[in-house]
Amino acid sequence: MKSPHIPVLLDKVIQTFGDTDGWIVDATLGYGGHSEALLRLNPQIKIFGIDQDQEAIDFSTKRLAPFGERVRIQKGRYSQKILEALERLPVKGVLADIGVSSLQLDKKERGFGLQSENLDMRMDPQASLSAYEVVNYYDEERLAKIFKEYGEIPQAKKLAKAVVEHRPITSAKDLAAIAQKVLPKKGRIHPATTMFQAIRIEVNQELEELKKLLDALERYRPSGAKVAIITFHSLEDRIVKNRFKEWAKQCICPPEAMRCECGGDHALGEILTKKPMSATKEEIAQNPRARSAKMRVFSFKESA
Ligand SMILES: C[S@@+](CC[C@H](N)C(=O)[O-])C[C@H]1O[C@@H](n2cnc3c(N)ncnc32)[C@H](O)[C@@H]1O
């Protein structure tokens, strides 16, 4: 099946999970690109796929049908659905390719793109909060906080004020035009890009979802499992980097302790990527979305 989405860092995902014997949770199944490649490569691999977008679920259900019992697919948020997998299956791998799919970005009616006539940005179109509510009903202070924290926009307050003054705003296009007036131009990148990122993060609770996924993994510590997380901006990458560092710590004594008294054997496993993996020039030329992708991998130790 021709997919509307090219999977990023596919060679690195294969390198990480290619020899897995058992269940891999694909927490962001999307169009099934990563999962199909793994299923084709190694008949021992089984996939528990999760996505909150029905369109993605429908596509990957058809795409992965030839693999029969080796595939289970669940619709929902990965923060919830991963618990089912961790409770019921001997999970040997977890992959999360966080972010928006090319189809979500390209389909104008989904409201993710700067040129869209809609103001939506929900990955799950049945979710209650959309960009329309955030832009038109959040108070100025709350909007400024989102622009600052999730978009790292220095002129967050000025931008929030302009948004509030232009209400009601009914399309992404109009919203982008407001940002263009208020924010300075940054090379070839449209000034509204970081504002859209911030609103999208809020609408889909993206950072909370990522933290909850890491919390679930920390709680269940799936024996011998590798966890690979692909992120597309620094806020997410920082969360993954710091959590993996915590997990890899042998000593958990308080910083003021004169010497180690905890036994020094508290690491949950090891970080397999000293630096994050990123795309090659060739991959970026083929798929510009891969430019900002970073993948970090952690391996949980085998439990006795
Ligand atoms: C970048 S795409 C994944 C593409 C996929 N790896 C492939 O090869 O086709 C990200 C997908 O994750 C889904 N997604 C993002 N956050 C999610 C969450 N919290 N829960 C469930 N699905 C999520 C999106 O709906 C989207 O389909």
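Look up a bit, the structure's there.
Keep in mind it's a predicted model, so treat the numbers as computed, not measured.

Asks: Would you mind showing me how to read the site of the ligand here?
Replies: The ligand sits among 20 residues. The nearest are Pro7, Thr28, Gly30, Tyr31 and Gly33. Broken down by secondary-structure element, the contributors of at least two residues to the shell around the ligand are helix H2 (33–41) and strand E2 (45–51). Taken together, the residues of the shell around the ligand break down into six nonpolar, nine polar and five charged.

Asks: How do you make sense of helix H3 (residues 54–64) when you look at a structure like this?
Replies: Three- or four-residue spacings in an α-helix give side chains the same orientation, since the helix completes a turn every 3.6 residues. Restricting attention to buried positions, one finds in H3 the residues Ala56, Ile57, Phe59, Ser60 and Leu64. Packing partners of the buried residues in H3 comprise H2, E2 and strand E3 (71–75).

Asks: Could you clarify how one ought to interpret the nonpolar core in this entry?
Replies: Within the largest apolar cluster, 50 residues are counted, with the highest numbers of intra-cluster contacts made by Val25, Ala27, Ile82, Val94, Ala96, Leu213 and Ile230. With five residues, the top contributor of residues to this core is helix H11 (residues 206–220). Residues within four places of Ile230 in sequence aside, it is in contact with Val8, Leu9, Ala96, Asp97, Ile98, Ala293, Lys294 and Met295. Judged by nonpolar contacts, the second largest core, of 29 residues, contains Phe147, Val163, Phe196 and Ile201.

Asks: I keep staring at the packing of helix H1 (residues 10–17) against H2 and nothing clicks. Help me out?
Replies: In a pair of packed helices, the angle between the axes and the distance between the axes together describe the arrangement. H2 packs onto H1 with a crossing angle of 45° between their chain directions and a minimal axis gap of 10 Å. Our classification of the angle between H1 and H2 gives oblique. Relative to H2, H1 is oriented so that their crossing is right-handed. Of the residues in H2, those touching H1 at Leu10, Val13, Ile14 and Phe17 are His34, Ala37, Leu38 and Leu41. Taken together, the residues of the contact of H1 with H2 break down into seven nonpolar, one polar and no charged.

Rules used in this analysis
- Residues numbered from 1 in each chain as written.
- Predicted model: local features only at pLDDT ≥ 70, side-chain atom pairs only at ≥ 80, totals over all residues.
- Near = placed C-beta within 6 Å.
- Helix = DSSP H or I, 4+ residues; strand = E, 2+ residues; numbered from the N terminus.
- Nonpolar A, V, L, I, M, F, W, Y, C, P; charged D, E, K, R; others polar.
- Buried ≥ 20, exposed ≤ 12 C-beta atoms within 10 Å, placed from the backbone.
- Contact = placed C-beta atoms within 7 Å.
- Core = buried A, V, L, I, M, F, W, Y, C linked by C-beta atoms within 7 Å.
- Axes fitted to C-alpha atoms, helices over the stretch in contact; angles between N-to-C directions.
- Parallel < 35°, antiparallel > 145°, perpendicular 65-115°, else oblique.
- Left-handed = near helix turned anticlockwise from the far one by under 90°.

None of this, on its own, says anything about what the molecule does.
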